[in-house]
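Descriptive structure summary
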Amino acid sequence: MTREEAWNLLTEYNKDEFHLEHAEIVEGVMKYFARKLGYAEEEDFWGNVGLLHDLDFERYPDEHCIKSQEIMREAGLEERLIRATASHGYGITVDIKPEHEMEKVLYAVDELTGLIGAVVLMRPSKSVQDLEVKSVKKKFKSKGFAAACSREVIQAGADMLGWDLDKLIEETIDALRTFRD
């Protein structure tokens, strides 16, 4: 599947600018991690997983990661992509446990990119370029800040990867710096 085909499928089911931007953010972070973790030959695939991970969320929030599997199968997408995108709902809406490193990264960074984005909006610079791990950690500990971003999922993702939380946050900030202000 090309990036253009993935985008066309995404925009068939998503119109909200916030959801489209989130998809592109997760796409960029996933591509970064593909390169960083030694999967450069699969960078586009990892990007498409990031782009399509919330395919069903806007229309079917109560069936998130369930309905998307149906939509993707009807579109003829490969099972590996379907499984990868669905696995980020592990323990929430599906029992598809992230196993491949790519799936673990998606699970970890989906919520984290939302938290980091909220932190960036509070900063005078409104930029990720000067963001430090300690700023994100401070807001991570504040349960009322960006409350919709599950700290439990972020921590579970870091644990799945075998990373401490600081490393996950630092690497995700570094990823965002490659394509965001």
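Residues numbered from 1 in each chain as written. Predicted model: local features only at pLDDT ≥ 70, side-chain atom pairs only at ≥ 80, totals over all residues. Heavy atoms only, no water.

The name that an unreviewed UniProt entry assigns to the protein chain is Hydrolase, with the source organism given as Kineothrix sedimenti.

**Focus: the packing of aromatic side chains**
What counts is decided by this rule: Any two of the Phe, Tyr and Trp rings considered here, Trp counted by its six-membered ring, make a pair once their centres fall within 6.5 Å; the pair's planes then place it as stacked at under 30 degrees, edge-to-face at over 60, or tilted in between. For the exposure calls, accessible area comes from a 1.4 Å probe over protein chains only, and a residue counts as buried if that area is under 20% of its type's maximum, exposed if over 50%, partly exposed in between. Where helices and strands are cited, they refer to DSSP runs of H or I of at least four residues and of E of at least two residues respectively, numbered from the N terminus. In this scheme, the term charge over a ring applies when either NZ of a lysine or CZ of an arginine sits within 6 Å of the ring centre and within 35 degrees of the ring normal.
Here the structure, examined in full by the defined rule, presents three aromatic pairs. Consider the rings of Y32 and F33, whose centres lie 5.4 Å apart with planes at 85°: the pair is edge-to-face. Neither residue differs from the other here; Y32 and F33 are each classed as buried. Geometrically, the ring pair formed by F33 and W163 is tilted, given 5.9 Å between the ring centres and 35° between the ring planes. Here W163 lies in the loop between α8 (151-161) and α9 (165-177) and F33 lies in helix α2 (residues 17-36), a separation of 130 residues in the sequence. Members of the aromatic cluster, connected to one another through ring pairs, are Y32, F33 and W163. Here the guanidinium or amino end of K67 rests over the ring plane of Y60, the centre of that ring lying 5.0 Å away. The residue whose ring lies beneath R80 is F45, and the NZ or CZ to ring-centre distance is 3.8 Å.

**Observations regarding the pattern of salt bridges**
Note the threshold: A side-chain nitrogen of Lys or Arg and a carboxyl oxygen of Asp or Glu constitute a salt bridge if their distance falls within 4 Å.
For the coordinates displayed, the defined rule picks out 16 salt bridges. In this structure, R177 engages D174 in a salt bridge whose closest nitrogen and oxygen atoms are separated by 3.4 Å. Here D174 and R177 lie together in helix α9, a separation of three residues that amounts to about one turn. Since its relative accessible area comes to 29%, R177 is described here as partly exposed. Through salt bridges that share partners, R3, E24 and E27 make up one connected network.

**Regarding the nonpolar core**
Selection rule: Among buried residues, those of type Ala, Val, Leu, Ile, Met, Phe, Trp, Tyr and Cys that are joined through side-chain atoms within 4.5 Å constitute a nonpolar core.
The biggest cluster of nonpolar side chains holds 52 residues, and the ones touching the most others in it are F33, L52, I116 and L168. No other element matches helix α6 (residues 101-122), which puts 11 residues into this core.

**Here's the deal with the environment of Q69**
What counts is decided by this rule: Here, residues are in contact when the closest pair of their heavy atoms is within 4.5 Å. Distance and chemistry together define a polar contact, namely a pair of N or O atoms within 3.5 Å, with one atom able to donate a hydrogen and the other to accept it when in protein, and with adjacent residues in sequence counting only for side-chain atoms on both sides.
If you trace the backbone, Q69 turns up in helix α4 (residues 67-74). Judged by its relative accessible area of 14%, Q69 is buried. Separated by 47 residues in the primary sequence, Q69 and I116 have C-alpha atoms spaced 28 Å apart. The contact partners of Q69, leaving out residues within four places of it in the chain, are I82, A86, V94 and I96. Polar contacts involving the side chain of Q69 include one to the main-chain carbonyl oxygen of C65, which spans 2.6 Å.

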